[in-house]
Amino acid sequence: MDESQRSDGGHRPLVVLDKVNKHFGDLHVLQNIDLTVGEGEVVVVIGPSGSGKSTLCRAINRLETIDDGSISLDGVALPEEGRALATLRADVGMVFQSFNLFAHKTILENVTLGPIKVKKVPRKEAEAEAMRLLERVGVANQAQKYPAQLSGGQQQRVAIARSLAMKPKVMLFDEPTSALDPEMINEVLDVMTSLAHEGMTMIVVTHEMGFARKAANRVVFMADGRIEEEAQPEEFFTNPKSERAKDFLSKILTH
């Protein structure tokens, strides 16, 4: 993709995938993926199940290794392993379908653990920042409770606060609302929308088309391990170019 096609509004490139390939056995799950996400941009990745969306997300912080191609963050290629990878991962927040909170730690302890252990932030400072973030996601009053005492929507908002506590350069969301009851989905999407409006760089794999329309700078449509199409949300939803995208949208937008 040349500079004139870049639809990230001229933001500084922050996450760059160049000809990325990934196989699981005979299955070619990522096929020559080229994607540039600019600083402050919100890119929503959509597509049918099995199209490679989650694998793409997980490759960006090397939870999945890639077969070839390159991925760089803020100009630095992803390290293979070791301390350099841990440092880089601290710059990439990740929120999954499951909340992955430590069950035996309080909400406050969950959010302060990373800053204290990884970034060596003094406890008092880490706790003050954690309370500010819990306030921001609307669960400050739950700080002394344990994850099991919270609803799914509250736990997912804590997971977002925990990622933000590391002050990441980019946030990855892998279907963050798909395990939630319908009435809890909006409380999580509202937090994500406000983050988007504040300029957080975000790559979001989701089935929530309303969020894509409202918060994305760009929609990336994947099918069969390839990026079939990318466009601004209004353009994509009203005038999809590829047959695969038209077919996908006709199935999900009629209900």
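The protein chain appears in an unreviewed UniProt entry as Amino acid ABC transporter ATP-binding protein from Demequina zhanjiangensis. Its UniProt record gives the protein chain a comment under Sequence similarities (unreviewed entry), which states: "Belongs to the ABC transporter superfamily." Recorded in UniProt for the protein chain, the comment headed Subcellular location (unreviewed entry) runs: "Cell membrane".

Below, the discussion takes up the overall build of the protein chain. Summing up its helical and strand segments, the protein chain has nine helices and ten strands in all. A globule of 255 residues ought to have a C-alpha radius of gyration of about 18 Å, and the protein chain, at 18 Å, matches this closely. Across its three principal directions, the C-alpha atoms of the protein chain cover 50 × 45 × 40 Å. Within the protein chain, the fraction of its 255 residues that count as buried is 53%. Contacts spanning at least 24 positions in sequence make up 66% of the contacts within the protein chain whose residues lie at least 6 apart. As displayed, the protein chain has an accessible area near 12100 Å², and 49% of this comes from carbon and sulfur atoms. The average position of the 30 basic charges and that of the 36 acidic charges among the side chains of the protein chain differ by 6 Å.

With that settled, the discussion passes to the sheet that holds strand E6 (residues 92-95). Taken together, six strands build an open sheet; the order of strands is E6-E7-E8-E3-E9-E10 and the sheet is mixed. On the outer flanks of this sheet lie E6 and strand E10 (226-231), each paired with one strand and no other. Looking at each pair of strands side by side, their axes are set apart by 20° on average, direction ignored.

Further remarks concern the pairing of strand E4 (residues 68-73). In the case of a regular strand, side chains alternate between the two sheet surfaces. In terms of strand pairing, strand E1 (residues 13-24) meets E4 through five bridges, oriented antiparallel. Directly across from Asn21, in E4, lies its bridge partner Asp68. Relative to strand E5 (residues 76-77), E4 is paired through two bridges, and the arrangement is antiparallel. Paired with Leu73 across the bridge in E5 is Val76. With antiparallel pairing between neighbouring strands as the criterion, E4 and E5 make up a hairpin whose turn holds two residues, including Asp74 at a positive phi of roughly 55°.

This part takes up the UniProt feature "domain: ABC transporter" (unreviewed entry) in the protein chain. Within this numbering scheme, the UniProt entry marks residues 15-249 as carrying the feature "domain: ABC transporter" (unreviewed entry). As a span, residues 15-249 carries 39% helix and 26% strand, and end to end its C-alpha atoms are 27 Å apart.

Turning to the environment of Gly75, a few remarks are in order. Relative to the helices and strands, Gly75 is located in the loop between E4 and E5. Look at Gly75 and you get exposed, because its relative accessible area is 70%.

Scanning all chains against the criterion turns up three aromatic pairs. Taking 5.4 Å as the distance between ring centres and 80° as the angle between the ring planes, the aromatic pair formed by Phe236 and Phe237 counts as edge-to-face. The class of Phe236 is buried, set by a relative accessible area of 0%. Taken together, the ring pairs in this structure connect Phe221, Phe236, Phe237 and Phe248 into an aromatic cluster.

Parameters and conventions
Residues numbered from 1 in each chain as written. Predicted model: local features only at pLDDT ≥ 70, side-chain atom pairs only at ≥ 80, totals over all residues. Heavy atoms only, no water. UniProt positions renumbered as here; feature names shortened; annotations may be inferred. Helix = DSSP H or I, 4+ residues; strand = E, 2+ residues; numbered from the N terminus. Rg over C-alpha atoms; globule rule 2.2 N^0.38 Å. Buried < 20%, exposed > 50% of the residue type's maximum accessible area, 1.4 Å probe, protein only. Contact = heavy atoms within 4.5 Å. Areas by Shrake-Rupley, 256 points an atom, 1.4 Å probe, with all protein chains shown as cover. Lys, Arg positive; Asp, Glu negative; His and termini not counted. Charge placed at Lys NZ, Arg CZ, Asp CG, Glu CD. Pairing = 2+ DSSP bridges. Axes fitted to C-alpha atoms, helices over the stretch in contact; angles between N-to-C directions. Phe/Tyr/Trp six-rings, centres within 6.5 Å; stacked < 30°, edge-to-face > 60°.

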